Amino acid sequence: MKSQDDVPSKKSNFITDQIDADIQSGRFNGRVQTRFPPEPNGYLHVGHAKAICLNHSIAKDYSGLFNLRYDDTNPVTENSEFVTGMREDIQWLLEEDLESTPLHTSEYFDQLYAWAEELIMDGKAYVDSQDGETISEQRGGFQEPGVNSPYRDRSIEENLGLFRDMRSGKFSDGECVLRAKISMSHDNMNMRDPIMYRIRHENHFRTGGEWCIYPTYDWAHGQSDAIEKVTHSLCSLEFDSHRELYDWFLDQLGIEGADRPYQTEFARLNFTHTVLSKRLLKHLIEEKIVDGWDDPRMPTLRGFRKRGYPATAIRSFCEHIGVARTNGTHEIELLESFVRNDLNQSAERRMAVLNPLRVTITNWPEGHVEMRTAVNNPEDDSAGNREIPFSGSLFIERDDFMENPEPKYYRLSPGREVRLRYGYFITCNDVVKDEEGNPIEILCTYDPETSGGKAPDGRKIKATIHWVSAEHAIDGSVALYERLFSTEHPGDETGEPLDDVNLESKSILEGTKLEPSIGDLPPGSIVQFERLGYFHLDEEAPLLFHKTVGLRDEWANIVKRRKNA
RNA sequence: UGGCCCGUAGUUCAACUGGCGGAACGCCUGGUUUUGGUCCAGGAGGUUGCAGGUUCAAGUCCUGCCGGGCCAGCCA
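Computed from a predicted structure; not experimentally measured. (Residues numbered from 1 in each chain as written. Chains lettered and ligands numbered in written order. Predicted model: local features only at pLDDT ≥ 70, side-chain atom pairs only at ≥ 80, totals over all residues. Heavy atoms only, no water.)

### Brief notes about the overall build of chain A
For chain A, the helix and strand inventory stands at 13 helices and 25 strands. Taking 2.2 N^0.38 as the reference for a compact globule, 565 residues should give roughly 24 Å; the C-alpha atoms of chain A span a radius of gyration of 31 Å, well beyond that estimate. Principal axes of the C-alpha set define a box for chain A whose edges measure 100 × 60 × 45 Å. Burial status across chain A gives 52% buried among its 565 residues. In chain A, of all internal contacts separated by at least 6 residues, the share reaching a separation of at least 24 is 71%. Considering chain A, the positive charge centre built from 65 side chains and the negative charge centre built from 98 side chains are found 3 Å apart. (Helix = DSSP H or I, 4+ residues; strand = E, 2+ residues; numbered from the N terminus. Rg over C-alpha atoms; globule rule 2.2 N^0.38 Å. Buried < 20%, exposed > 50% of the residue type's maximum accessible area, 1.4 Å probe, protein only. Contact = heavy atoms within 4.5 Å. Lys, Arg positive; Asp, Glu negative; His and termini not counted. Charge placed at Lys NZ, Arg CZ, Asp CG, Glu CD.)

And the structure:
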């Protein structure tokens, strides 16, 4: 007997366990607030999608708040193009408007500055007038403690004066920094008097020339969380060693109780055959290996969108994989299976011949054309039907004919009969070849008794293939994509991921033959070309399709297995 | 040769916090099918990194090893 227990409840994980405990103990008075804090210096990729979905769904599940906060603390790399782009991508992914308007760390510069002076007055921060190289040397190593800066014991008055001079622009870039006064012999390198402010005489895309000192991530992040009343600050594993510093700053400022956020780290998302580092992604663009951030081969949200990956599929994927603290790499096939699964339900079917081979039906009445009725989506009755013209001159897929059929190949070959989907049974009688012996035309006869693809004598047919009427077909182009990186773990062999880049990962087929109704598809449509895969009609270029993902292909598996044997 | 984090099926995650190790994807077999798709049924695949210890009982707790990751930016 079914009970409410059978209703799949949200997957629990170490983060939701913590939140449950916090609610139990009343730590935040039952409040839950998360945030997604991207730095606007590039476009978002699937790795970010995991973080967005996680933070967003936690807020939703606990009736809490989810903020988008641009972490714009470094004016040299950030700009407003990325701010706009990220917003678009997030809205596309979530398919809903953000409840709160996007926030910016730069909105907190005044508060951050005031707090910094507070720390100086408490003797917990000082201005160091050494250059970066010296500071770096003095930090020590994993086994050796660092040494104190000669400026570490400046008086509070001197520090305050110097810090105000930093702010007012008396110093040039790199002349001095504000450092937290913690310990130069701490086991955790992040605690060895970390830098809080550095000087950048640089125009900031939001605050313009108002500031010439900018807070570092460590100084800005936890405090921004606190200002926004974030409860659960989720970030990726590499920030684990920063948590101690995150807590230290909050301690010094006396931010306690229900006002005090805490950081929890989780493993970021990785995929086989993929790189997700911004450095590498930018390199692919700069070197023109791909066509830009929205190239369908890119693991960016814009790339996925152009490729035809539905946002719903990405969200279900993210929900499915959950969160953990184990560093691992997902097989890209798993994401693809979510895309197929989604599109199988939603995408209408059409017939398209990518590599055309002419078929002439020799016993077809000259000039005769018949309209055949085809189902738009067998998974969705409401999608209805459409009409497709059938004639005596057709195109079929080159792969659907083999002159000397291999074992287990049961499509068309001389003497063999196949079904044309929604059409008739045809038998191959003859092959016309060019000088090199390549088949250029197949001569067949059709069985008039098999109209609609049913044989009155009940005779079984092994294969059904797709087709398009030659005189009615419209021409289109199809962009085919392979993995951008040929190896599962790019760079594993040589240490350089770019060595494994597949320079032939994109190919464009011109002169593909499409059934007439495809001409009516609105830009952006995603359809299944029967027996081939899912294809996304470009938003701008007419009749240009991007291959989203292929159908599972048993025959391809057989061929592959044979090759490996 | 420091500190911290992590090791469960090929991959990614579960296992009611000490009580007979499961799922998804992938793979294989069969069924259905006018898509070699979908769907349905079944199967293979594990010394829970290794070695000890505690316990009636350990994936779970303890110790030691081994392996992987992160940390010495005025990046985030």
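### Examining the protein's contact with RNA strand B
Near RNA strand B you find 68 residues, and of these Asp71, His330, Arg349, Arg411 and Gly452 are the closest. Considering the 4 Å shell around the protein, atoms of RNA strand B inside it are sugar or phosphate in 63% of instances. Taking Ser136, its side chain carries an N or O atom lying 3.2 Å from a phosphate oxygen of RNA strand B. Interatomic distance of 3.0 Å between a backbone N/O atom of Tyr217 and a phosphate oxygen of RNA strand B. Broken down by secondary-structure element, the contributors of at least two residues to the surface near RNA strand B are α5 (132-138), β6 (195-199), α12 (332-346) and α13 (554-564). Of the residues forming the surface near RNA strand B, the biggest block, five residues, is contributed by α13. The residue inventory of the surface near RNA strand B, partitioned by class, reads 18 nonpolar, 25 polar and 25 charged. (Near = heavy atom within 4 Å. Polar contact = N/O pair within 3.5 Å; in protein donor to acceptor, adjacent residues only side chain to side chain. Nonpolar A, V, L, I, M, F, W, Y, C, P; charged D, E, K, R; others polar.)

### Some details on the sheet that holds strand β25 (residues 544-550)
Read across the open sheet, the seven strands follow the order β10-β23-β24-β25-β21-β22-β11; overall the sheet is mixed. A strand with exactly one partner marks an edge of an open sheet, and here the two such strands are β10 (348-350) and β11 (352-353). Alignment of β11 against strand β22 (residues 506-514), held across two bridges, turns out to be antiparallel. Looking at the pairing, Val353 lines up with Lys513 of β22. Here α12 sits on the sheet in contact with β10, β23 (526-529), β24 (533-537) and β25, set at roughly 115 degrees to β25. (Pairing = 2+ DSSP bridges. Axes fitted to C-alpha atoms, helices over the stretch in contact; angles between N-to-C directions.)

### Some words on the domain arrangement of chain A
One can read the domain layout of chain A as domain 1 (4-266), domain 2 (278-348 + 476-564) and domain 3 (352-466). If you look at the interface, domain 1 gives 29 residues, while domain 2 gives 25 residues. For the pairing of domain 1 and domain 2, the buried interface totals around 2500 Å² over both sides, and the portion due to carbon and sulfur atoms is 64%. Of all residues in domain 1, the largest losses of buried area upon contact with domain 2 belong to Tyr43, Val46 and Trp92, amounting jointly to 27% of the total for that side. (Domains from an automatic or database assignment. Buried area = accessible area lost by both parts, 1.4 Å probe.)

### Some words on the sheet that holds strand β16 (residues 417-420)
Here we have seven strands laid out as an open sheet, ordered β19-β16-β17-β18-β12-β15-β20, and mixed in their pairing. Bordering the open sheet on either side are β19 (464-465) and β20 (468-469), each of which pairs with just one other strand. With three bridges connecting them, β16 and strand β17 (residues 425-433) associate as antiparallel partners. Bridge assignment links Arg419 to a residue of β17, and that residue is Phe425.

### What about unusual backbone geometry?
Although it is not a glycine, Arg531 adopts a positive phi angle of roughly 70 degrees. Tracing the chain through its elements places Arg531 in the loop between β23 and β24. The backbone of Leu543 shows a phi angle near 55 degrees, a positive value even though the residue is not glycine.

### Focus on the packing of aromatic side chains
This structure, assessed with the given rule, holds 24 aromatic pairs. Ring geometry for Tyr113 and Trp211: centres 5.9 Å apart, planes at 55 degrees, overall tilted. Highlighted residues: Tyr113 in helix α4 (residues 109-121) and Trp211 in the loop between β6 and β7 (213-215), separated in sequence by 98 residues. On the accessibility criterion, Tyr113 (8% relative accessible area) is buried. Three or more aromatic residues joined by ring pairs make a cluster, and in this case those are Phe109, Tyr113, Phe163, Tyr197, Trp211 and Tyr214. For the cation-ring pair, Arg167 lies above Tyr113, with the distance from its terminal atom to the ring centre recorded as 4.8 Å. In this arrangement the basic side chain of Lys462 is found over the ring face of Tyr410, its NZ or CZ atom lying 5.0 Å from the centre. (Phe/Tyr/Trp six-rings, centres within 6.5 Å; stacked < 30°, edge-to-face > 60°. Lys NZ or Arg CZ within 6 Å of the ring centre and 35° of its normal.)

### Overview of the pairing of β17
Where β16 hands over to β17, the hairpin turn is made up of four residues, of which Tyr422 adopts a positive phi near 65 degrees. Here β17 runs beside strand β18 (residues 439-447); their pairing, made up of eight bridges, is antiparallel. Bridge pairing links Ile426 to Tyr446 in β18. Where β17 folds back on β18, the antiparallel hairpin that results is connected by five residues, among which Gly437 adopts a positive phi of roughly 90 degrees.

### Considering the pattern of salt bridges
Applying the stated rule across the entire model yields 43 salt bridges. In this structure, the salt-bridge partner of Arg315 is Glu95, at a minimum N-O distance of 2.1 Å. With Arg315 in helix α11 (residues 311-321) and Glu95 in the loop between α3 (80-94) and β3 (103-104), the pair connects residues that are 220 residues apart, well separated along the chain. Using a relative accessible area of 26% as the deciding quantity, one classes Arg315 as partly exposed. By relative accessible area, Glu95 is classed as exposed at 52%. We note a salt bridge from Glu158 to Arg154, for which the minimum N-O separation is 3.7 Å. (Salt bridge = Lys/Arg side-chain N within 4 Å of Asp/Glu carboxyl O.)

### Observations concerning the side chain of Thr216
Take Thr216: it is sitting in the loop between β7 and α7 (217-228). The exposure class of Thr216 is buried, given its relative accessible area of 14%. Look past the residues within four positions of Thr216 in its chain and what remains in contact with it is Ile195, Met196 and Arg198.

### Some points on the pairing of strand β9 (residues 262-266)
The buried fraction of β9 amounts to five of the five residues, a majority that puts the element mostly inside the structure. Here β9 shows two buried faces, one formed by Tyr262, Thr264 and Phe266 and the other by Gln263 and Glu265. In terms of strand pairing, strand β8 (residues 232-236) meets β9 through five bridges, oriented parallel. Pairing of Cys235 across the sheet is with Glu265, part of β9. The handedness of the β8 to β9 crossover, carried by helix α8 (residues 243-252), is right-handed. (Right-handed = clockwise from strand over helix to strand, strands pointing away.)

### Looking at helix α2 (residues 46-61)
The end-to-end C-alpha distance of α2 is 22 Å, a good match for the 22 Å that 16 residues give at a rise of 1.5 Å each. Extensive coverage of α2 is indicated by the burial of 13 of its 16 residues. (Expected span 1.5 Å × (residues − 1).)

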